[in-house]
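# A closer look at the structure
Residues per chain are reported as follows:
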Amino acid sequence: MKLSVFFQTARCAVILVQDGSIFEAETPYRISVNGKPAFETRRTVISLYNLKPDTDYEIAVERDGQTGRVSFRTDREFVTLNVREFGAKGDGIQDDTTFLQAAIMACPRESRVLIPKGVYRITSLFLKSHIRVELEAGAVLSAFTDRTRFPVFPGIIESWDEKGEYNLGTWEGNPLPMFSGIITGIEAENVVIYGQGCIEGNASKEPDNWWYDAKVMRTAFRPRMIFLNQCKNITVQGITVQNSPSWNIHPYFSRNLKFIDLKVLNPKDSPNTDGLDPESCRDVEILGVYFSLGDDCIAVKSGKIYMGAKYKTPCENVAISQCCMRDGHGSITIGSEMAGGVKNLTVRDCLFLHTDRGLRIKTRRGRGKDAVIDNICFERIHMDHVMTPFVINSFYYCDPDGFTEYVRSKEVLPVDERTPEIKSLTFRDIEAVNCHVAAAYLYGLPEKKIGRVEMENIHVTYAENPKKDIPAMLEGIEPMARQGIIAKNITELVIRNVRIDGPDGVPVATENVDRMI
(Lines give C-alpha, C1' and ligand atoms only; values in the text may rest on other atoms or scores of the structure.)
Protein backbone atom coordinates (compact mmCIF):
# COMPACT_ATOMS: atom_id res chain seq x y z
CA MET A 1 0.00 0.00 0.00
CA LYS A 2 1.41 3.37 -1.05
CA LEU A 3 0.27 6.66 0.46
CA SER A 4 0.93 10.16 -0.83
CA VAL A 5 -0.10 13.65 0.27
CA PHE A 6 -1.96 15.00 -2.73
CA PHE A 7 -2.88 18.36 -1.17
CA GLN A 8 -2.51 20.17 2.12
CA THR A 9 -3.19 23.53 3.67
CA ALA A 10 -3.21 24.85 7.24
CA ARG A 11 -6.39 23.07 8.34
CA CYS A 12 -6.86 20.09 6.04
CA ALA A 13 -4.97 17.52 3.97
CA VAL A 14 -5.82 14.95 1.31
CA ILE A 15 -4.20 11.50 1.29
CA LEU A 16 -4.25 9.29 -1.81
CA VAL A 17 -4.19 5.53 -1.22
CA GLN A 18 -2.70 3.49 -4.07
CA ASP A 19 -3.42 -0.21 -3.59
CA GLY A 20 -5.18 -1.09 -6.84
CA SER A 21 -8.65 0.02 -5.70
CA ILE A 22 -10.74 2.31 -7.89
CA PHE A 23 -12.62 5.11 -6.09
CA GLU A 24 -13.36 2.92 -3.06
CA ALA A 25 -12.02 -0.30 -1.60
CA GLU A 26 -14.02 -3.47 -0.92
CA THR A 27 -13.27 -3.24 2.83
CA PRO A 28 -12.73 -0.12 4.96
CA TYR A 29 -9.45 1.66 5.56
CA ARG A 30 -8.74 2.42 9.22
CA ILE A 31 -7.17 5.86 9.62
CA SER A 32 -4.91 6.87 12.50
CA VAL A 33 -3.64 10.41 13.09
CA ASN A 34 -0.44 10.75 15.13
CA GLY A 35 -0.93 7.27 16.52
CA LYS A 36 -4.58 7.69 17.55
CA PRO A 37 -7.46 5.93 15.72
CA ALA A 38 -9.53 8.56 13.90
CA PHE A 39 -12.14 7.10 11.52
CA GLU A 40 -12.84 4.51 8.83
CA THR A 41 -13.59 4.99 5.14
CA ARG A 42 -13.64 2.95 1.95
CA ARG A 43 -12.64 5.90 -0.22
CA THR A 44 -9.20 5.89 -1.81
CA VAL A 45 -9.06 9.69 -1.56
CA ILE A 46 -9.09 10.54 2.13
CA SER A 47 -9.69 14.07 3.41
CA LEU A 48 -8.53 15.08 6.88
CA TYR A 49 -10.09 18.11 8.60
CA ASN A 50 -9.75 20.09 11.83
CA LEU A 51 -5.98 20.02 11.68
CA LYS A 52 -3.83 22.62 13.43
CA PRO A 53 -1.69 25.05 11.42
CA ASP A 54 2.09 24.68 11.32
CA THR A 55 1.96 21.23 12.93
CA ASP A 56 3.58 17.86 12.14
CA TYR A 57 1.30 14.92 11.37
CA GLU A 58 1.86 11.23 10.71
CA ILE A 59 -1.01 9.39 9.05
CA ALA A 60 -1.35 5.61 9.09
CA VAL A 61 -3.83 3.75 6.84
CA GLU A 62 -4.48 0.04 7.46
CA ARG A 63 -6.61 -2.43 5.50
CA ASP A 64 -6.59 -6.21 5.39
CA GLY A 65 -3.26 -6.48 7.15
CA GLN A 66 -1.47 -3.92 4.99
CA THR A 67 -0.40 -0.56 6.40
CA GLY A 68 0.89 2.59 4.77
CA ARG A 69 2.26 5.71 6.43
CA VAL A 70 2.92 9.25 5.36
CA SER A 71 4.07 12.40 7.18
CA PHE A 72 3.62 16.11 6.49
CA ARG A 73 3.55 19.49 8.18
CA THR A 74 0.52 21.75 7.75
CA ASP A 75 0.90 25.25 6.37
CA ARG A 76 1.12 28.44 8.37
CA GLU A 77 -2.04 30.42 9.10
CA PHE A 78 -2.06 34.04 10.24
CA VAL A 79 -5.66 34.69 11.39
CA THR A 80 -9.17 33.30 11.08
CA LEU A 81 -12.08 35.61 10.21
CA ASN A 82 -15.39 34.11 11.39
CA VAL A 83 -18.24 35.43 9.23
CA ARG A 84 -20.54 35.51 12.28
CA GLU A 85 -18.36 38.28 13.71
CA PHE A 86 -18.99 40.29 10.52
CA GLY A 87 -22.78 40.18 10.96
CA ALA A 88 -23.75 36.94 9.18
CA LYS A 89 -26.51 35.06 11.01
CA GLY A 90 -26.69 31.75 9.14
CA ASP A 91 -30.37 31.48 10.09
CA GLY A 92 -31.66 30.69 6.61
CA ILE A 93 -33.64 33.95 6.53
CA GLN A 94 -31.32 36.96 6.49
CA ASP A 95 -29.48 37.81 3.27
CA ASP A 96 -25.90 37.16 4.42
CA THR A 97 -24.21 38.04 1.13
CA THR A 98 -22.74 41.38 2.25
CA PHE A 99 -21.44 40.02 5.53
CA LEU A 100 -19.68 37.05 3.92
CA GLN A 101 -18.30 39.31 1.19
CA ALA A 102 -16.92 41.70 3.81
CA ALA A 103 -15.05 38.87 5.52
CA ILE A 104 -13.60 37.74 2.18
CA MET A 105 -12.43 41.24 1.25
CA ALA A 106 -10.95 41.84 4.71
CA CYS A 107 -9.05 38.56 4.83
CA PRO A 108 -5.23 38.99 4.72
CA ARG A 109 -2.78 36.58 3.09
CA GLU A 110 -2.22 33.14 4.61
CA SER A 111 -5.51 33.44 6.49
CA ARG A 112 -8.90 31.78 6.67
CA VAL A 113 -12.48 32.89 6.22
CA LEU A 114 -14.49 30.50 8.40
CA ILE A 115 -18.16 29.84 7.60
CA PRO A 116 -19.45 27.85 10.60
CA LYS A 117 -22.49 25.59 10.76
CA GLY A 118 -25.68 27.32 9.59
CA VAL A 119 -27.70 28.20 6.49
CA TYR A 120 -26.46 31.38 4.81
CA ARG A 121 -28.75 32.89 2.16
CA ILE A 122 -26.65 34.50 -0.58
CA THR A 123 -26.60 35.62 -4.19
CA SER A 124 -23.03 35.88 -5.58
CA LEU A 125 -19.81 35.84 -3.58
CA PHE A 126 -16.65 37.14 -5.24
CA LEU A 127 -13.24 35.67 -4.44
CA LYS A 128 -10.14 37.63 -3.56
CA SER A 129 -6.59 36.35 -4.14
CA HIS A 130 -4.41 34.70 -1.50
CA ILE A 131 -7.11 33.50 0.90
CA ARG A 132 -8.65 30.26 2.14
CA VAL A 133 -12.38 29.83 2.66
CA GLU A 134 -13.62 26.95 4.84
CA LEU A 135 -17.20 25.71 4.85
CA GLU A 136 -17.46 23.90 8.15
CA ALA A 137 -19.48 20.68 8.46
CA GLY A 138 -23.15 21.72 8.48
CA ALA A 139 -22.51 25.05 6.72
CA VAL A 140 -24.79 25.66 3.73
CA LEU A 141 -24.48 28.53 1.26
CA SER A 142 -28.10 28.62 0.11
CA ALA A 143 -28.55 30.65 -3.07
CA PHE A 144 -31.49 32.87 -3.87
CA THR A 145 -33.22 32.19 -7.20
CA ASP A 146 -34.58 35.68 -7.87
CA ARG A 147 -32.84 36.89 -11.06
CA THR A 148 -33.13 40.53 -10.04
CA ARG A 149 -30.67 39.95 -7.19
CA PHE A 150 -27.82 38.73 -9.41
CA PRO A 151 -25.28 40.88 -11.29
CA VAL A 152 -25.14 40.44 -15.07
CA PHE A 153 -21.81 39.85 -16.80
CA PRO A 154 -21.80 41.17 -20.40
CA GLY A 155 -20.33 38.80 -22.95
CA ILE A 156 -17.90 41.09 -24.78
CA ILE A 157 -16.86 44.57 -23.67
CA GLU A 158 -14.96 46.49 -26.33
CA SER A 159 -11.85 48.45 -25.40
CA TRP A 160 -11.96 52.25 -25.65
CA ASP A 161 -9.73 52.24 -28.76
CA GLU A 162 -11.73 49.39 -30.37
CA LYS A 163 -8.55 47.32 -30.70
CA GLY A 164 -9.23 44.86 -27.93
CA GLU A 165 -12.01 43.27 -25.96
CA TYR A 166 -12.79 41.92 -22.50
CA ASN A 167 -14.71 38.67 -22.36
CA LEU A 168 -16.61 38.37 -19.10
CA GLY A 169 -19.83 36.44 -19.71
CA THR A 170 -20.16 33.13 -21.54
CA TRP A 171 -22.82 30.58 -22.45
CA GLU A 172 -22.15 27.22 -24.13
CA GLY A 173 -18.96 28.35 -25.85
CA ASN A 174 -20.01 31.83 -26.98
CA PRO A 175 -19.37 35.24 -25.35
CA LEU A 176 -22.89 36.02 -24.15
CA PRO A 177 -24.41 37.75 -21.12
CA MET A 178 -24.69 35.56 -18.02
CA PHE A 179 -25.57 35.97 -14.38
CA SER A 180 -22.57 35.87 -12.06
CA GLY A 181 -21.91 32.54 -10.37
CA ILE A 182 -22.86 31.72 -6.81
CA ILE A 183 -19.10 31.63 -6.18
CA THR A 184 -17.27 33.81 -8.72
CA GLY A 185 -13.56 34.32 -9.26
CA ILE A 186 -12.28 36.92 -11.73
CA GLU A 187 -8.49 36.98 -12.14
CA ALA A 188 -8.14 35.54 -8.63
CA GLU A 189 -5.11 33.48 -7.68
CA ASN A 190 -3.88 31.32 -4.82
CA VAL A 191 -7.32 30.56 -3.39
CA VAL A 192 -8.51 27.46 -1.53
CA ILE A 193 -12.22 26.72 -1.00
CA TYR A 194 -12.57 23.66 1.21
CA GLY A 195 -14.46 21.91 3.96
CA GLN A 196 -17.38 19.60 4.63
CA GLY A 197 -20.12 22.11 3.90
CA CYS A 198 -22.45 22.55 0.94
CA ILE A 199 -23.28 25.06 -1.78
CA GLU A 200 -27.00 24.74 -2.52
CA GLY A 201 -28.28 26.27 -5.76
CA ASN A 202 -32.00 25.69 -4.99
CA ALA A 203 -32.76 25.33 -8.70
CA SER A 204 -36.05 23.69 -9.65
CA LYS A 205 -38.65 23.60 -12.42
CA GLU A 206 -41.04 25.84 -10.55
CA PRO A 207 -42.17 28.97 -12.48
CA ASP A 208 -39.50 31.68 -12.46
CA ASN A 209 -36.90 29.30 -11.06
CA TRP A 210 -33.75 28.45 -13.04
CA TRP A 211 -34.89 25.17 -14.65
CA TYR A 212 -38.21 26.58 -15.85
CA ASP A 213 -38.00 27.22 -19.62
CA ALA A 214 -34.32 26.50 -19.21
CA LYS A 215 -33.35 27.22 -22.84
CA VAL A 216 -34.83 30.73 -22.78
CA MET A 217 -32.49 33.59 -21.89
CA ARG A 218 -34.26 35.87 -19.42
CA THR A 219 -32.16 39.01 -18.93
CA ALA A 220 -29.03 36.81 -19.07
CA PHE A 221 -28.14 33.13 -19.16
CA ARG A 222 -28.25 30.99 -16.04
CA PRO A 223 -25.41 31.22 -13.51
CA ARG A 224 -22.93 28.51 -12.61
CA MET A 225 -22.41 27.41 -9.02
CA ILE A 226 -18.66 28.07 -9.22
CA PHE A 227 -17.36 30.24 -12.08
CA LEU A 228 -13.64 30.94 -12.41
CA ASN A 229 -12.58 33.35 -15.17
CA GLN A 230 -8.87 34.01 -15.83
CA CYS A 231 -7.91 32.51 -12.46
CA LYS A 232 -4.83 30.53 -11.45
CA ASN A 233 -3.74 28.30 -8.59
CA ILE A 234 -7.25 27.54 -7.33
CA THR A 235 -8.19 24.49 -5.25
CA VAL A 236 -11.74 23.39 -4.45
CA GLN A 237 -11.78 20.50 -1.97
CA GLY A 238 -14.27 18.47 0.03
CA ILE A 239 -17.48 20.44 -0.38
CA THR A 240 -20.82 19.36 -1.86
CA VAL A 241 -22.27 21.29 -4.81
CA GLN A 242 -25.91 20.59 -5.61
CA ASN A 243 -29.01 21.74 -7.51
CA SER A 244 -27.12 24.11 -9.76
CA PRO A 245 -28.95 26.55 -12.07
CA SER A 246 -26.81 25.29 -14.99
CA TRP A 247 -23.25 23.91 -15.17
CA ASN A 248 -22.03 23.22 -11.66
CA ILE A 249 -18.33 24.12 -11.81
CA HIS A 250 -17.04 26.11 -14.78
CA PRO A 251 -13.36 27.13 -14.93
CA TYR A 252 -12.84 29.44 -17.91
CA PHE A 253 -9.44 30.43 -19.39
CA SER A 254 -7.82 29.48 -16.09
CA ARG A 255 -4.81 27.39 -15.09
CA ASN A 256 -3.29 25.33 -12.30
CA LEU A 257 -6.56 24.09 -10.86
CA LYS A 258 -7.37 21.25 -8.44
CA PHE A 259 -10.81 19.78 -7.74
CA ILE A 260 -10.59 17.19 -4.98
CA ASP A 261 -13.01 14.90 -3.12
CA LEU A 262 -16.13 16.85 -4.10
CA LYS A 263 -19.74 15.71 -4.42
CA VAL A 264 -21.60 17.19 -7.39
CA LEU A 265 -25.31 16.32 -7.20
CA ASN A 266 -28.31 17.17 -9.38
CA PRO A 267 -31.48 15.27 -10.36
CA LYS A 268 -31.29 13.04 -13.43
CA ASP A 269 -33.73 15.24 -15.33
CA SER A 270 -32.12 18.60 -14.50
CA PRO A 271 -31.26 20.57 -17.68
CA ASN A 272 -27.67 21.47 -18.65
CA THR A 273 -26.32 20.60 -15.20
CA ASP A 274 -22.88 19.42 -16.33
CA GLY A 275 -20.71 18.54 -13.36
CA LEU A 276 -17.34 20.13 -14.14
CA ASP A 277 -16.53 21.86 -17.42
CA PRO A 278 -12.96 23.14 -17.79
CA GLU A 279 -13.02 25.44 -20.83
CA SER A 280 -9.77 26.63 -22.44
CA CYS A 281 -7.94 25.76 -19.22
CA ARG A 282 -4.45 24.38 -18.62
CA ASP A 283 -3.05 22.06 -15.96
CA VAL A 284 -6.23 20.77 -14.31
CA GLU A 285 -6.33 17.92 -11.79
CA ILE A 286 -9.64 16.27 -10.85
CA LEU A 287 -9.31 13.68 -8.09
CA GLY A 288 -11.82 11.65 -6.13
CA VAL A 289 -14.94 13.54 -7.24
CA TYR A 290 -18.39 11.89 -7.11
CA PHE A 291 -20.85 13.01 -9.80
CA SER A 292 -24.56 12.25 -10.07
CA LEU A 293 -26.49 14.64 -12.29
CA GLY A 294 -28.57 15.34 -15.38
CA ASP A 295 -26.00 15.96 -18.11
CA ASP A 296 -22.32 15.26 -18.79
CA CYS A 297 -20.31 14.57 -15.64
CA ILE A 298 -17.09 16.14 -16.93
CA ALA A 299 -17.13 18.04 -20.23
CA VAL A 300 -13.81 19.35 -21.54
CA LYS A 301 -14.32 22.37 -23.79
CA SER A 302 -12.60 25.25 -25.59
CA GLY A 303 -15.34 27.43 -27.05
CA LYS A 304 -17.33 27.60 -30.24
CA ILE A 305 -15.86 28.94 -33.46
CA TYR A 306 -15.53 32.62 -32.43
CA MET A 307 -13.66 31.92 -29.19
CA GLY A 308 -11.52 29.19 -30.73
CA ALA A 309 -10.50 31.25 -33.77
CA LYS A 310 -10.00 34.45 -31.75
CA TYR A 311 -8.05 33.16 -28.75
CA LYS A 312 -6.72 29.78 -29.98
CA THR A 313 -6.59 28.47 -26.43
CA PRO A 314 -7.00 24.70 -26.10
CA CYS A 315 -7.99 22.87 -22.97
CA GLU A 316 -4.83 20.92 -22.19
CA ASN A 317 -3.03 18.88 -19.57
CA VAL A 318 -6.12 17.59 -17.77
CA ALA A 319 -5.72 14.62 -15.39
CA ILE A 320 -8.79 12.84 -14.00
CA SER A 321 -8.47 9.95 -11.54
CA GLN A 322 -10.29 8.05 -8.79
CA CYS A 323 -13.64 9.63 -9.73
CA CYS A 324 -17.12 8.11 -9.89
CA MET A 325 -19.51 9.28 -12.63
CA ARG A 326 -23.16 8.26 -12.24
CA ASP A 327 -26.40 8.87 -14.17
CA GLY A 328 -25.20 11.58 -16.57
CA HIS A 329 -25.38 11.64 -20.36
CA GLY A 330 -21.64 11.17 -20.67
CA SER A 331 -19.06 10.20 -18.07
CA ILE A 332 -16.26 12.12 -19.79
CA THR A 333 -17.15 14.32 -22.77
CA ILE A 334 -14.96 16.31 -25.10
CA GLY A 335 -16.90 19.09 -26.81
CA SER A 336 -18.97 19.85 -28.51
CA GLU A 337 -17.71 23.40 -27.92
CA MET A 338 -14.04 22.64 -28.59
CA ALA A 339 -13.03 25.04 -31.36
CA GLY A 340 -9.76 25.81 -29.56
CA GLY A 341 -8.84 22.12 -29.30
CA VAL A 342 -8.36 19.59 -26.50
CA LYS A 343 -4.93 18.08 -25.87
CA ASN A 344 -3.30 15.80 -23.33
CA LEU A 345 -6.30 14.45 -21.44
CA THR A 346 -5.69 11.45 -19.18
CA VAL A 347 -8.41 9.51 -17.34
CA ARG A 348 -7.32 6.71 -14.99
CA ASP A 349 -8.82 4.57 -12.24
CA CYS A 350 -12.44 5.75 -12.53
CA LEU A 351 -15.92 4.26 -12.24
CA PHE A 352 -18.60 5.00 -14.84
CA LEU A 353 -22.07 3.93 -13.62
CA HIS A 354 -25.40 4.16 -15.46
CA THR A 355 -24.32 6.91 -17.83
CA ASP A 356 -25.45 6.97 -21.46
CA ARG A 357 -21.87 6.96 -22.74
CA GLY A 358 -18.41 6.47 -21.26
CA LEU A 359 -16.04 8.50 -23.39
CA ARG A 360 -18.03 10.87 -25.57
CA ILE A 361 -16.35 13.02 -28.22
CA LYS A 362 -18.68 15.51 -29.89
CA THR A 363 -17.43 17.56 -32.81
CA ARG A 364 -18.68 18.58 -36.25
CA ARG A 365 -17.84 20.54 -39.36
CA GLY A 366 -17.70 24.22 -38.58
CA ARG A 367 -15.75 23.91 -35.33
CA GLY A 368 -12.67 25.05 -37.26
CA LYS A 369 -9.06 24.13 -38.00
CA ASP A 370 -7.96 24.86 -34.42
CA ALA A 371 -10.43 22.27 -33.11
CA VAL A 372 -7.80 19.55 -32.78
CA ILE A 373 -8.27 16.64 -30.35
CA ASP A 374 -4.99 14.87 -29.59
CA ASN A 375 -3.32 12.59 -27.06
CA ILE A 376 -6.40 11.35 -25.20
CA CYS A 377 -5.83 8.34 -22.93
CA PHE A 378 -8.30 6.27 -20.90
CA GLU A 379 -6.99 3.39 -18.78
CA ARG A 380 -8.02 1.23 -15.84
CA ILE A 381 -11.71 2.15 -16.10
CA HIS A 382 -14.64 0.08 -14.86
CA MET A 383 -18.08 0.71 -16.40
CA ASP A 384 -21.44 -0.74 -15.37
CA HIS A 385 -24.69 -0.12 -17.30
CA VAL A 386 -23.05 2.38 -19.61
CA MET A 387 -25.18 2.16 -22.74
CA THR A 388 -22.35 2.81 -25.23
CA PRO A 389 -18.88 2.82 -23.63
CA PHE A 390 -16.94 4.53 -26.46
CA VAL A 391 -18.39 7.18 -28.77
CA ILE A 392 -16.62 9.44 -31.25
CA ASN A 393 -19.11 11.53 -33.19
CA SER A 394 -17.91 13.93 -35.89
CA PHE A 395 -21.48 14.79 -36.95
CA TYR A 396 -22.92 16.09 -33.67
CA TYR A 397 -26.16 17.88 -34.56
CA CYS A 398 -26.16 20.85 -32.20
CA ASP A 399 -26.78 24.58 -32.75
CA PRO A 400 -29.20 26.19 -35.22
CA ASP A 401 -27.20 24.89 -38.21
CA GLY A 402 -26.82 21.38 -36.79
CA PHE A 403 -29.18 19.80 -39.31
CA THR A 404 -27.83 21.59 -42.37
CA GLU A 405 -26.45 19.58 -45.27
CA TYR A 406 -22.94 20.86 -44.52
CA VAL A 407 -22.96 19.36 -41.00
CA ARG A 408 -24.82 16.12 -41.71
CA SER A 409 -23.48 15.09 -45.14
CA LYS A 410 -21.55 11.81 -45.13
CA GLU A 411 -19.93 12.69 -48.46
CA VAL A 412 -16.33 13.87 -48.76
CA LEU A 413 -16.34 17.66 -48.53
CA PRO A 414 -13.41 20.06 -49.06
CA VAL A 415 -11.01 20.50 -46.13
CA ASP A 416 -10.86 24.18 -45.21
CA GLU A 417 -10.62 26.50 -42.21
CA ARG A 418 -13.90 25.11 -40.86
CA THR A 419 -12.71 21.49 -40.64
CA PRO A 420 -11.90 20.00 -37.19
CA GLU A 421 -9.49 17.11 -36.57
CA ILE A 422 -9.18 14.13 -34.22
CA LYS A 423 -5.64 12.78 -34.03
CA SER A 424 -4.99 10.10 -31.42
CA LEU A 425 -6.87 8.24 -28.69
CA THR A 426 -5.88 5.29 -26.50
CA PHE A 427 -8.14 2.99 -24.48
CA ARG A 428 -6.57 0.24 -22.38
CA ASP A 429 -7.36 -2.00 -19.41
CA ILE A 430 -11.09 -1.28 -19.42
CA GLU A 431 -14.01 -3.49 -18.37
CA ALA A 432 -17.58 -2.54 -19.31
CA VAL A 433 -20.36 -4.78 -17.96
CA ASN A 434 -24.10 -4.62 -18.70
CA CYS A 435 -23.59 -2.63 -21.88
CA HIS A 436 -26.75 -2.01 -23.93
CA VAL A 437 -26.36 -0.37 -27.34
CA ALA A 438 -22.88 -0.87 -28.78
CA ALA A 439 -19.41 -1.57 -27.47
CA ALA A 440 -18.00 1.32 -29.50
CA TYR A 441 -19.35 3.71 -32.11
CA LEU A 442 -16.57 5.66 -33.81
CA TYR A 443 -17.45 7.88 -36.77
CA GLY A 444 -14.94 10.29 -38.28
CA LEU A 445 -15.27 12.78 -41.11
CA PRO A 446 -14.63 11.26 -44.54
CA GLU A 447 -12.45 14.21 -45.60
CA LYS A 448 -10.52 14.35 -42.29
CA LYS A 449 -10.44 10.87 -40.85
CA ILE A 450 -9.70 10.10 -37.23
CA GLY A 451 -5.93 9.59 -37.05
CA ARG A 452 -5.30 6.68 -34.67
CA VAL A 453 -7.49 4.80 -32.20
CA GLU A 454 -5.83 2.12 -30.06
CA MET A 455 -7.97 -0.30 -28.02
CA GLU A 456 -6.11 -2.78 -25.81
CA ASN A 457 -7.20 -5.15 -23.02
CA ILE A 458 -10.88 -4.31 -23.19
CA HIS A 459 -13.71 -6.60 -22.10
CA VAL A 460 -17.35 -5.73 -22.81
CA THR A 461 -20.41 -7.74 -21.73
CA TYR A 462 -24.05 -6.97 -22.50
CA ALA A 463 -27.05 -6.66 -20.20
CA GLU A 464 -29.60 -9.48 -20.28
CA ASN A 465 -32.36 -7.19 -21.54
CA PRO A 466 -30.53 -4.45 -23.42
CA LYS A 467 -32.29 -1.20 -24.23
CA LYS A 468 -32.37 -0.08 -27.83
CA ASP A 469 -31.12 3.40 -28.43
CA ILE A 470 -29.07 5.44 -30.85
CA PRO A 471 -25.37 5.21 -29.98
CA ALA A 472 -24.57 8.82 -30.88
CA MET A 473 -26.45 12.03 -31.68
CA LEU A 474 -26.09 12.15 -35.45
CA GLU A 475 -28.56 11.80 -38.28
CA GLY A 476 -29.09 8.64 -40.29
CA ILE A 477 -28.59 5.94 -37.65
CA GLU A 478 -31.25 3.64 -36.24
CA PRO A 479 -31.65 2.49 -32.62
CA MET A 480 -29.58 -0.61 -31.96
CA ALA A 481 -28.69 -3.06 -29.20
CA ARG A 482 -25.80 -5.47 -28.60
CA GLN A 483 -23.63 -4.21 -31.42
CA GLY A 484 -19.86 -4.68 -31.50
CA ILE A 485 -17.32 -2.11 -32.59
CA ILE A 486 -18.68 0.09 -35.35
CA ALA A 487 -16.01 2.33 -36.85
CA LYS A 488 -15.98 4.52 -39.93
CA ASN A 489 -13.40 6.91 -41.32
CA ILE A 490 -10.39 6.01 -39.16
CA THR A 491 -6.88 6.01 -40.60
CA GLU A 492 -5.47 3.52 -38.09
CA LEU A 493 -7.56 1.35 -35.77
CA VAL A 494 -5.45 -0.93 -33.54
CA ILE A 495 -7.32 -3.63 -31.59
CA ARG A 496 -5.44 -5.89 -29.17
CA ASN A 497 -7.09 -8.33 -26.79
CA VAL A 498 -10.61 -6.96 -27.13
CA ARG A 499 -13.40 -9.35 -26.13
CA ILE A 500 -17.13 -8.76 -26.38
CA ASP A 501 -19.42 -11.28 -24.63
CA GLY A 502 -23.16 -11.75 -24.40
CA PRO A 503 -24.91 -11.80 -21.00
CA ASP A 504 -24.43 -15.59 -20.81
CA GLY A 505 -20.67 -15.25 -21.29
CA VAL A 506 -20.75 -16.57 -24.84
CA PRO A 507 -18.53 -14.45 -27.11
CA VAL A 508 -20.27 -12.40 -29.79
CA ALA A 509 -18.59 -10.79 -32.78
CA THR A 510 -15.28 -9.45 -31.52
CA GLU A 511 -15.53 -6.59 -33.93
CA ASN A 512 -17.82 -5.27 -36.59
CA VAL A 513 -15.52 -2.79 -38.22
CA ASP A 514 -15.72 -0.79 -41.41
CA ARG A 515 -12.32 0.87 -41.12
CA MET A 516 -12.52 2.75 -44.43
CA ILE A 517 -8.76 3.28 -44.44
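Residues numbered from 1 in each chain as written. Predicted model: local features only at pLDDT ≥ 70, side-chain atom pairs only at ≥ 80, totals over all residues. Heavy atoms only, no water.

## Things to note about helix H1 (residues 97–106)
- Within H1, burial applies to Thr97, Leu100, Gln101, Ala103 and Ile104. Seen along its axis, H1 keeps its buried residues to an arc of 160°; they face one direction. (Buried < 20%, exposed > 50% of the residue type's maximum accessible area, 1.4 Å probe, protein only. Helix = DSSP H or I, 4+ residues; strand = E, 2+ residues; numbered from the N terminus. Arc of directions from axis to C-beta.)

## Observations concerning the pairing of strand E5 (residues 45–48)
- Side chains Val45 and Ser47 of E5 all project onto a buried face; the interleaved residues Ile46 and Leu48 project onto the opposite face, where all are buried too.
- As paired elements, strand E2 (residues 13–18) and E5 share four bridges and run antiparallel to each other. Residue pairing across strands places Leu16 opposite Val45, the latter belonging to E5. (Pairing = 2+ DSSP bridges.)

## Some thoughts on the confidence of the model for the protein chain
- In the predicted model, the protein chain carries a mean pLDDT of 95, and 97% of its residues have values of at least 70.
- Here residues 510–517 scores under 50 on pLDDT; set against residues more than four positions off or in separate chains, the count is 27 contacts. (pLDDT = per-residue confidence, 0-100. Contact = heavy atoms within 4.5 Å.)

## What to know about unusual backbone geometry
- Ser336 follows Gly335 through a cis peptide bond whose omega is 0°.
- Tracing the chain through its elements places Ser336 in the loop between strand E33 (330–335) and strand E34 (342–353).
- Unusually for a residue other than glycine, Ser280 sits at a positive phi of about 50°.
- Along the chain, the position of Ser280 falls in the loop between strand E27 (263–265) and strand E28 (282–287).
- Assessed through its relative accessible area of 5%, Ser280 is described here as buried.
- The phi angle at Gln322 is positive, at roughly 55°, despite the residue not being glycine.
- In this structure, Gln322 sits in the loop between strand E31 (315–321) and strand E32 (324–326).

## Notes on the sheet that holds E5
- Pairing is antiparallel in the open sheet, where three strands are placed in the order E1-E2-E5. If you trace the sheet from one side to the other, it starts and ends with strand E1 (2–8) and E5, each paired once. The average undirected angle you get between the axes of adjacent strands in this sheet is 25°.
- The sheet contact formed by E1 and E2 spans six bridges and is antiparallel. (Axes fitted to C-alpha atoms, helices over the stretch in contact; angles between N-to-C directions.)

## Observations regarding the pattern of salt bridges
- A complete count under the given rule lists 34 salt bridges for this structure.
- The partner of Arg63 in a salt bridge is Asp64, with the nearest N and O atoms 3.1 Å apart.
- As a salt-bridge pair, Asp416 and Arg418 come within 2.9 Å of each other at their nearest N and O atoms.
- Residue Asp416 is classed as partly exposed on the basis of its relative accessible area, which comes to 30%. (Salt bridge = Lys/Arg side-chain N within 4 Å of Asp/Glu carboxyl O.)

## Some details on the environment of Ala319
- Within the fold, Ala319 resides in strand E31.
- On the accessibility criterion, Ala319 (36% relative accessible area) is partly exposed.
- The spatial distance from the C-alpha of Ala319 to the C-alpha of Leu345 is 6.1 Å, given a sequence separation of 26 residues.
- When near neighbours in sequence (up to four residues on either side) are disregarded, Ala319 contacts Val284, Glu285, Ile286 and Thr346.

## Regarding empty space enclosed by the protein
- In the structure shown here, the tally under the stated rule is three cavities of 30 Å³ or more.
- In terms of lining residues, the largest cavity is bounded by Ile104, Ile115, Leu125, Leu127, Val133, Leu135, Leu141, Ile183, Ile193 and Ile199.
- Considered class by class, the residues forming the lining of the largest cavity number ten nonpolar, no polar and no charged.
- In this structure, the second largest cavity encloses a volume near 50 Å³.
- Forming the walls of the second largest cavity are Thr363, Ser394, Pro420, Glu421, Ile422, Leu445, Lys448, Lys449 and Ile450.
- Counted by class, the lining of the second largest cavity contains four nonpolar, two polar and three charged residues. (1 Å grid on protein atoms, 1.4 Å probe; cavity = no way out; pocket = protein on both sides within 12 Å on 5 of 7 lines; lining within 4 Å. Points joined across faces, edges and corners; volume = space filled by probe spheres on them. Nonpolar A, V, L, I, M, F, W, Y, C, P; charged D, E, K, R; others polar.)

## Notes on the sheet that holds strand E30 (residues 298–300)
- Here we have six strands laid out as an open sheet, ordered E30-E33-E35-E37-E40-E42, and parallel in their pairing. Looking at strand neighbours, the two that pair on one side only are E30 and strand E42 (483–488), the edges of this open sheet. Direction aside, neighbouring strands of the sheet carry axes that sit 10° apart on average.

## Digging into the pairing of strand E41 (residues 450–462)
- As paired strands, strand E39 (residues 424–435) and E41 are joined by nine bridges and run parallel to one another. Bridged to Leu425 within E41 is Val453.
- Here E41 pairs with strand E43 (residues 490–501) via ten bridges, running parallel. Residue Thr461 lies in a different strand from E43, and its bridge partner there is Asp501.

## Things to note about the packing of aromatic side chains
- This model, assessed by the stated rule, comprises 15 aromatic pairs.
- Seen in terms of ring centroids, Phe253 and Tyr311 are 5.7 Å apart; in terms of plane orientation they differ by 65°. Their pairing is edge-to-face. Within this pair, whereas Phe253 is found in the loop between strand E25 (249–252) and strand E26 (255–260), its partner Tyr311 is found in helix H2 (residues 305–311), the two being separated by 58 residues in sequence.
- Relative to Tyr443, the ring of Tyr441 has its centre 6.3 Å away and its plane inclined at 45°; by these criteria the two rings are tilted. (Phe/Tyr/Trp six-rings, centres within 6.5 Å; stacked < 30°, edge-to-face > 60°.)

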